[in-house]
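# A structural walkthrough
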Amino acid sequence: MKKYNFNPGPSILPKEVIEATAAACLDFQGSGLSLMETSHRAKNFQPVVDEAVALFKELLDIPEGYSVIFLGGGASLQFCMVPYNLLEKKAAYLNTGVWATKAEKEAKLFGEVVEVASSKDKNFTYVPRDFEIPVDADYLHVTTNNTIYGTELLQDVDSPIPVVADMSSDIFSRPLDVSKYGIIYGGAQKNLSMAGVTFVIIKEDLLGKVSRQIPTMLDYRTHVKKGSMFNTPPVVPIYCALENLRWIKRQGGVKAMEKLAIERAKIIYDEIDRNKLFVGTAEVDSRSRMNLTFVMAPEYQELQDEFLAFASEKGMVGVKGHRDVGGFRASCYNAMSIEGCQALAACMKEFEAKH
Ligand SMILES: *Cc1c(COP(=O)(O)O)cnc(C)c1O
């Protein structure tokens, strides 16, 4: 039976990307060596990093003055690297969920943190829109897509101070105005690659302004200067990212990705709103296109496990919601097909007909 992968991360990748990465793992570009045994300093690996960086710049229309680097440690390491490198006195954080809260917690180790707004009062079911940004803070941190709660900030924030954005789960799903950001970072395993690499897009002139000493590996300048080759980078995940960036380009770039994301989300949200058994958890104007969260309607609570079993029988993988929200979550990253969303909607409809 055909499986539809709605996992929140690590998550679905285009079949072509998986095949090309698997082929490189067997024989990297006819070299007779596996990509896994290829040195990051090998002559045939440098072009992989160069092309991946070039495609980042091309697809996201990244202006001059920004670097793209690949690091280890996941998005979670960025929670501390950001304040380590940028926070001199004070930073502002928008709290929209678990990941945002974790980022904020790390920043408190380095200085004063102002929480500009929080949606914790309603279990993070919305993204606060009206908040004041302190002009004397070093940066404003936002999480553009809240993977767990299914909410998304779809507009680039206008801010008088640099914006630092965790875009782990919505990077490459829409065009961005990168000039409005100081740093954009994320773990690759949601919408870019397999797990194991972290991307950071960074405006170079923000660096070198804090007075503290920064350990070499945690200093962005090290990695900017060495083109992500200060130490051994994860070659296979970077190669997989490159194949996925090529795939995105072949599909028509981030505009095409956005169009598909809108279409996919509409199919599932329309079914959630139509179907008497289910209700969405996020406020409508904060709904994410990447992670679509829903629960059983109050009068049908007892059907939750039955629906999960039913969906699984129909080939739906990974639709169980995060424990903080419960219910269900359909993660619809770039590689998810329209057909997959139609299959999930049909499965919800069929389940309704049974009850
Ligand atoms: C998954 C996720 C993270 C954590 O990523 P790691 O790479 O596992 O550290 C952080 N932020 C967001 C928005 C996420 O979805």
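In every chain, residue numbers begin from 1 and rise along the written sequence. Local features in this predicted model are restricted to residues whose pLDDT is 70 or higher, and side-chain atom pairs enter the listing and the counts only when it is 80 or higher, whereas totals over whole chains, interfaces and linings include all residues. The side-chain numbers reported here are obtained from all heavy atoms of the structure, hydrogens and water having been left aside.

Attention shifts here to the packing of helix α1 (residues 15-26) against helix α6 (residues 235-251). One way to put it is that α1 packs onto α6 with a least axis distance of 9 Å and a crossing angle of 145°. In this structure, the crossing between α1 and α6 has a hand that is right-handed. Residues Glu16, Val17, Ala20, Thr21, Ala24 and Cys25 of α1 pack against Val236, Tyr239, Cys240, Glu243, Asn244, Trp247 and Arg250 of α6. Each residue receives one of three labels: charged for Asp, Glu, Lys and Arg, nonpolar for Ala, Val, Leu, Ile, Met, Phe, Trp, Tyr, Cys and Pro, and polar for the others, Gly being one of them. Considering only residue class, the contact of α1 with α6 consists of eight nonpolar, two polar and three charged. The convention used is that axes are lines fitted to C-alpha atoms, helices contributing only their stretch in contact, and that angles between N-to-C directions extend from 0 to 180 degrees. Counting from the N terminus, the helices are DSSP H or I runs at least four residues long and the strands are E runs at least two residues long. Handedness of a crossing is defined here by the sense of rotation of the near helix relative to the far one, left-handed for an anticlockwise turn of less than a right angle and right-handed for a clockwise turn. For this analysis, residues touch if any pair of their heavy atoms sits within 4.5 Å.

Bringing the layout of surface pockets into the picture now. Think of a 1 Å grid over just the protein atoms. A cavity is a set of points where a 1.4 Å probe fits yet cannot get out, a pocket is an open set with protein on both sides within 12 Å along at least five of seven lines, and lining residues have an atom within 4 Å of a point. Grid points are joined across faces, edges and corners, and a volume is the space filled by probe spheres set on the points. As a volume, the largest pocket reaches approximately 270 Å³. In this structure, the largest pocket is lined by 20 residues; those nearest its centre are Trp99, Thr147, Ser168, Gln189 and Lys190. The dominant element in the lining of the largest pocket, judged by the number of residues it contributes, is helix α3 (residues 74-86), at four residues. Among the residues making up the lining of the largest pocket, the classes are represented as six nonpolar, 11 polar and three charged.

Okay, the environment of Met167 next. Relative to the assigned elements, Met167 resides in the loop between β8 (163-166) and β9 (183-187). Between buried and exposed lies partly exposed: a residue is buried under 20% and exposed over 50% of the maximum accessible area for its type, with that area taken using a 1.4 Å probe on protein chains only. Since its relative accessible area comes to 1%, Met167 is described here as buried. Residue contacts for Met167: discarding those within four places in its chain leaves Thr144, Leu176, Tyr181, Ile184, Tyr185 and Phe199.

Our next topic: the domain arrangement of the protein chain. For the domain bounds, the source is a domain assignment made automatically or taken from a database. The assigned domain composition of the protein chain is domain 1 (15-251) and domain 2 (253-354). Summarising the inter-unit geometry, the C-alpha centres of domain 1 and domain 2 are found 27 Å apart. Across the boundary between the two partners, domain 1 contributes 30 residues, which contact 26 residues of domain 2. When two components associate, each loses some accessible surface as probed by a 1.4 Å sphere; the sum of these losses over both components is called the buried area. Taken together, both faces of the contact between domain 1 and domain 2 bury some 2300 Å²; the carbon and sulfur share is 53%.

Being near a molecule or strand, for a residue, means having at least one of its heavy atoms within 4 Å of it. Taken together, 14 residues surround the ligand, and among them Ser76, Thr147, Asp166, Gln189 and Lys190 come closest. Contacts to the ligand include Asp166, whose side-chain N or O atom sits 2.6 Å from a nitrogen atom. Two N or O atoms count as a polar contact when they lie within 3.5 Å, although within protein this holds only if one can serve as hydrogen donor and the other as acceptor, and sequence-adjacent residues are included solely when both atoms are side-chain atoms. One of the side-chain N or O atoms of Gln189 is found 3.0 Å from an oxygen atom in the ligand. Reported accessibility uses the Shrake-Rupley method at a 1.4 Å probe radius. Residues are deemed covered only where the shown protein chains occlude them. In isolation the ligand exposes 390 Å². Once the protein is present, 88% of that is buried. Each molecule is assigned to a cavity or pocket provided more than half of its atoms lie within 2 Å of the corresponding grid points. Placement of the ligand is best described as lying within the largest pocket.

On to the sheet that holds strand β11 (residues 278-280), then. Two strands pair if DSSP finds at least two bridges between them. Reading across the sheet, the three strands line up as β11-β12-β14 and stay open at both edges, with antiparallel pairing between neighbours. In the strand order of this sheet, the two ends are held by β11 and β14 (328-331), each with one partner. Recorded for the sheet is a direction-independent mean angle of 35° between the axes of neighbouring strands. Relative to β14, strand β12 (residues 291-296) runs antiparallel, the two being bridged by four bridges. From the neighbouring strand, Phe294 faces β14, where its bridge partner is Phe328. Contacts from helix α7 (residues 253-274) reach β11, β12 and β14, with the element oriented near 15° to β12.

Residue Pro10 is reached from Gly9 by a cis peptide bond, and omega for that bond is -10°. Position of Pro10 relative to the elements: it lies in the loop between β1 (4-5) and α1. Here Gln29, not a glycine, exhibits a phi torsion of approximately 50°, which is positive.

What follows deals with α6. Each residue after the first adds 1.5 Å to the expected span of a helix. The end-to-end C-alpha distance of α6, which contains 17 residues, comes to 24 Å, matching closely the 24 Å that a straight helix rising 1.5 Å per residue would cover. Most of α6 sits inside the fold, with 13 of its 17 residues counted as buried.

To continue, consider the packing of aromatic side chains. Two rings belonging to Phe, Tyr or Trp (six-membered ring only in the last case) form a pair when the distance between their centres is within 6.5 Å. Interplanar angles under 30 degrees mark stacking, angles over 60 mark edge-to-face geometry, and anything in between is tilted. Throughout the structure, instances matching the rule amount to 16 aromatic pairs. Plain terms: the ring middles of Tyr84 and Phe110 are 4.8 Å apart, the flat faces sit at 50° to each other, and that makes the pair tilted. Taken together, the residues span a long stretch of sequence, with Tyr84 in helix α3 and Phe110 in the loop between α4 (98-107) and β4 (112-118) at a distance of 26 residues. On the accessibility criterion, Phe110 (19% relative accessible area) is buried.

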